[in-house]
Amino acid sequence: MPQLSLFDAVGNPKPKKRLFLLGCAYDGQKGKAYLKLLDTKTGEVILWYDNTDHKPYCFTNIPLERLENNEALKQAGAVAFEHVEKYDAISDGKITMTKIIASDPLAVGGSKKSIREQIDCWEADIPYHLNYLFDNQLIPSLIYAADENGTLTPELADDNVVDEILKRFFKTVSEQEAEELRKWLKILEAEQPRIEFIALDIEIIGESATRVPSPSHPEDRVAAISLASSDGLNLVLLLGKAQQGVENPTEFKIEYFDNEQAMLRRCFEIIEKYPIIVTFNGDDFDLPYLKNRGEKLGIEREKIPIMLGREGATLRTGIHLDLYRFFMNKSIQIYAFDNRYREHTLEGVATALLGVGKVPLTKTLAELTPLELAEYSYRDAKLLHDLITMNDRLVLRLIAVIARIGRTPMEDVCRHGVSGWIKNLLYWEHRRMNWIIPRKEDLLQVKGQVSTKAVIDGKKYRGAIVVEPIPGIHFGVIVLDFASLYPSVLKEANLSYETVRCPHEECKDNLIPETDHWVCRKKRGIQSLIIGSLRDIRVSWYKVKAGDKSLDAEQRSWYGVVQRALKVFLNASYGVFGFEEFPLYCPPVAEGVAAVGRYVFKQAIEKAKALGIQVIYGDTDSIFLKTDKPELIEEVVKWAKSTFNLDLEFDKTYVYVVFSRRKKNYLGVTDKGVVDVKGLTGKKRNIPVFIKEAFDDVLRQLSEVKSEEDLERVKANIRNSISTWYRRLKNRELDIEQLAFRVMLSKTPERYEKTTPPHVKAARKLQQNNIKVVAGDIISYVKTKDKDGVAPVQFARLENIDVDKYIEYMRSTFEQILDPLEIEFDSIIGVSSLESFL
DNA sequence: ACCTCTGGCTGGATAT
DNA sequence: ATATCCAGCCAG
């Protein structure tokens, strides 16, 4: 690769061109590679493209001769082409280059297969040339310095800074671990540019109100295009004429068009200027619709900046982030946003995260006045804009940091799930180390078996232990938990797909408890090293800094973002090995992690008991302890560190905690006054609002209990609360909405074949009344006295409500906390029904 | 096309 | 009537 030339002819330093890599892709079947780069100074987006005849060309603003000088790209194309040629020529049964290529789906698209007898990829010392694609340096979403030849050098965090962090925050690490930690810190601490973006949303108005607009056959006109950008553009492009005598909105501007083609042209001109386009479901709807509609209306192809791919839509220059797909991602929903939203609609996500929803409509789009349509449409773009900018651009920074950790382009971070990110991360490491990437079927053949039986029918292997709780109310309970237990186990037990059931005879006695799997003693496992390092970085650096009050809010929030992103990876790092579709699917790894986890967990409980501590409850990695001697707790913690090198940490103290006989069901009040409710029906989000409110009333009472003496007084108040709500129900002094169960349809109603749960019944009634229902919708229904026993809330009347069913539901909800407190539900409602006679 | 895992509780539908 | 399965939601 040519060296960077930083000085001009007279010796003055030349300004480096700083490029932000938005994305890169390599198409193995066609042998094409391309990069999308953003000039961080000018904001200009550049596309580099390479094809197999080794004559790179570009169709944006880089001169051809500059690209022809790009050695990395030329080499990549040449190497790939050569491999494909070789692959087709060789067909014997030995381990040859053919098989190496065949083992990587990126190289040949997985079209032909050869059989290899045995997997010994971790021993193989065969170079894998595709490593050199992009000189093995390009991580999507990093900043690069580019010289005039187009040679890219990553701008990582400063070595001195990284060494300082290592020295101060990571005490006892091996040289290998230090190297790994250094590598991560250089990436994670590297600068992030503040990129401009534009949010886009379109409205279609059809000839008939019932027809669903089709992006592939865009018959209906685009009536409005709303845009909201990071640099202050707030605009609605509207088909039609301005109404006379109507005041213009202040929040945004309207441009009127009498020609749809002209409107689309204007839209394309605008969005082409932005490096990031944000949509909600733009992969499947907005962008394909705009492109196809544009072509249908006769706009020249080169004037339409949208490209449609197999997986979604993107921009010729610039990248497209589909927030629908991002927010739908379960890991993001749970770990990044604490499960704060439930529905995967713009309305659901925005209401939960921003507190603002879509503009409510009482008529169809076609019936709206131009101004109303503009306002409706603009709100959607505005919501998208706000979702991106909230909490100091949390969403954008999260996407970028996941891209860096997972070596996944930002667009793909939105499109793929966590298994895709981890796949990319592991593949990257394989290439870097010149390892063969095993084919799935080969790996499965050698390491497919499991040796434990799951507790639950239909599961593949045994998981965690849940300790039978001691029922009743317990005061002064201390909770300890193992910090990131499973990632720590991966690290400490050297678990990885290549180290579990390794080929060495000498290792076969290194058994994992309760299984017949053994673990390699000779080599450090790749997953163990990577996840171990990420865990250490999260715990020792980012979590510490995120909670460091001496830093300003903005900095803390940045550490918080990285910390969250790491958490997503760590939490999935074990599960992916038990996921059939994961390309490195290896059940013994998942099974081994769970088995070691169980072993450690059991030992900890035994240790506590041996010290005379009472064990109230425990689940997977947490134990609830009660003792008069706090120093014993400290002893358990020290024991865990010295025996297993695991961090068993103090989590919290409960002033009191209430258990029924049920596992994963309890209520506790911490010494900080926080009420923890776990698993109880009263906490679930599908239950009627009135029960939730009644439950919250009771919780408020319980949070005041500080001692055993308080309890009796509070018990009386609890009885009052419940009986008040009971009376309201009995007298039907509630809104129908408050009585609604809200349950999600996991598939379209027709596809429920084996059973018809209540919410599906209700959904079918909606369909009969021509209300569209799709998978993912949350159905609100109430229990009624008519034949089916349920009715969608829209059609229900208060007189028809089956009050007895609701009383039963109240009973089962409250008994979960009343039983251990020795309060009889029946005695409460008995009293109140007597009162209601008086 | 996409989808990390197992354990545990609930109500209700369905089978016996 | 009772057991079993299905589906949804939650804990970790």
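Up top is the structure.
Residues numbered from 1 in each chain as written. Chains lettered and ligands numbered in written order. Predicted model: local features only at pLDDT ≥ 70, side-chain atom pairs only at ≥ 80, totals over all residues. Heavy atoms only, no water.

Enquirer: Kindly report on the overall build of chain A, identifying the contributing residues and their values.
Expert: The secondary structure content of chain A amounts to 25 helices and 23 strands. Of all 838 residues assigned to chain A, the portion counted as buried reaches 52%. Considering only contacts within chain A whose residues lie at least 6 apart along the sequence, 65% involve residues at least 24 apart. (Helix = DSSP H or I, 4+ residues; strand = E, 2+ residues; numbered from the N terminus. Buried < 20%, exposed > 50% of the residue type's maximum accessible area, 1.4 Å probe, protein only. Contact = heavy atoms within 4.5 Å.)

Enquirer: Account for the pairing of strand β21 (residues 741–744), with residues named and values stated.
Expert: Walk down a regular strand and you will see the side chains alternate between the two sheet faces. The two faces of β21 differ: Phe 741 and Val 743 on one face are buried, but Arg 742 and Met 744 on the other face are not. Pairing of β21 with strand β22 (residues 778–783), which is carried by four bridges, proceeds in the antiparallel orientation. Bridge pairing links Arg 742 to Ser 780 in β22. (Pairing = 2+ DSSP bridges.)

Enquirer: Describe the sheet that holds strand β18 (residues 648–659), naming the residues involved and giving the relevant values.
Expert: Judged by pairing direction, the sheet is antiparallel, and its seven strands sit side by side in the order β14-β16-β17-β15-β18-β19-β20 without closing on themselves. Where the open sheet ends on each side, the last strands, each with one partner, are β14 (466–467) and β20 (675–678). As defined by bridge partners, β14 adjoins strand β16 (residues 614–619) across two bridges and the pair is classed as antiparallel. If you follow Val 467 over to β16, its bridge partner there is Gly 618.

Enquirer: Before we move on, can you summarise the environment of Tyr 599 with the specific residues and values?
Expert: Looking at the element boundaries, Tyr 599 is found in helix α19 (residues 587–610). Spatially, the C-alpha atom of Tyr 599 lies 31 Å from that of Ile 405, the residues being 194 residues apart in sequence.

Enquirer: Now, about the protein's contact with DNA strand C: what can you tell me, with residues and values included?
Expert: Close contacts around DNA strand C come from 22 residues, with Arg 342, Asp 621, Lys 683, Ser 746 and Tyr 752 the closest. The sugar and phosphate moieties of DNA strand C supply 89% of its atoms located within 4 Å of the protein. Between DNA strand C and Tyr 752 there is a distance of 2.4 Å, counted from a phosphate oxygen to a side-chain nitrogen or oxygen. Going through the elements one at a time, β20 and β21 are the ones with two or more residues in the surface near DNA strand C. Residues of the surface near DNA strand C, tallied by class, amount to six nonpolar, six polar and 10 charged. (Near = heavy atom within 4 Å. Polar contact = N/O pair within 3.5 Å; in protein donor to acceptor, adjacent residues only side chain to side chain. Nonpolar A, V, L, I, M, F, W, Y, C, P; charged D, E, K, R; others polar.)

Enquirer: Which residues make up the protein's contact with DNA strand B, and what values do they have?
Expert: Taken together, 36 residues sit near DNA strand B, with Glu 311, Gly 417, Arg 662, Lys 783 and Ser 812 positioned nearest. For DNA strand B, the fraction of protein-proximal atoms (within 4 Å) that sit in sugar or phosphate groups is 84%. Within the backbone of Gly 463, a nitrogen or oxygen atom sits 2.9 Å from a sugar or linking oxygen of DNA strand B. Elements that contribute at least two residues to the surface near DNA strand B include exactly α14 (418–432), α18 (553–575), α23 (758–768) and α24 (803–818). Along the lines of polarity and charge, the residues of the surface near DNA strand B split into 12 nonpolar, 13 polar and 11 charged.

Enquirer: Summarise the pattern of salt bridges; cite the residues concerned and give the values.
Expert: One side chain can pair with another of opposite charge once the charged atoms of both are near each other. Scanning the model with the defined rule gives 47 salt bridges in all. Across the pair Glu 295 and Arg 301 runs a salt bridge whose closest N-O atoms are separated by 3.5 Å. A salt bridge links Asp 509 to Arg 521; the nearest nitrogen and oxygen atoms lie 3.1 Å apart. With Asp 509 in the loop between α16 (485–492) and α17 (526–546) and Arg 521 in the loop between α16 and α17, the pair connects residues that are 12 residues apart, well separated along the chain. You can call Asp 509 exposed: its relative accessible area is 54%. By relative accessible area, which is 48% here, Arg 521 ends up partly exposed. Shared partners join several salt bridges into a network, and the residues in it are Asp 283, Asp 284, Arg 325, Glu 411, Asp 412 and Arg 415. (Salt bridge = Lys/Arg side-chain N within 4 Å of Asp/Glu carboxyl O.)

Enquirer: Describe the packing of helix α6 (residues 175–188) against helix α12 (residues 370–406), listing the residues and the values that go with them.
Expert: Taken N-terminus to C-terminus, the directions of α6 and α12 make an angle of 150°; their axes are 10 Å apart at the nearest point. One way to sum up the angle between α6 and α12 is to call them roughly antiparallel. The handedness of the crossing between α6 and α12 is right-handed. Taking contact as the criterion, the partners of Trp 184, Ile 187 and Leu 188 in α6 are, on α12, Val 401, Arg 404 and Ile 405. (Axes fitted to C-alpha atoms, helices over the stretch in contact; angles between N-to-C directions. Parallel < 35°, antiparallel > 145°, perpendicular 65-115°, else oblique. Left-handed = near helix turned anticlockwise from the far one by under 90°.)

Enquirer: Run through the pairing of strand β4 (residues 143–146), naming residues and quoting values.
Expert: Alternating residues of β4 divide into Ile 143 and Ala 145 and Tyr 144 and Ala 146, and every residue in both groups is buried. Pairing analysis gives three bridges linking β4 to strand β5 (residues 152–154), with the strands arranged antiparallel. Residue Ala 146 lies in a different strand from β5, and its bridge partner there is Leu 152.

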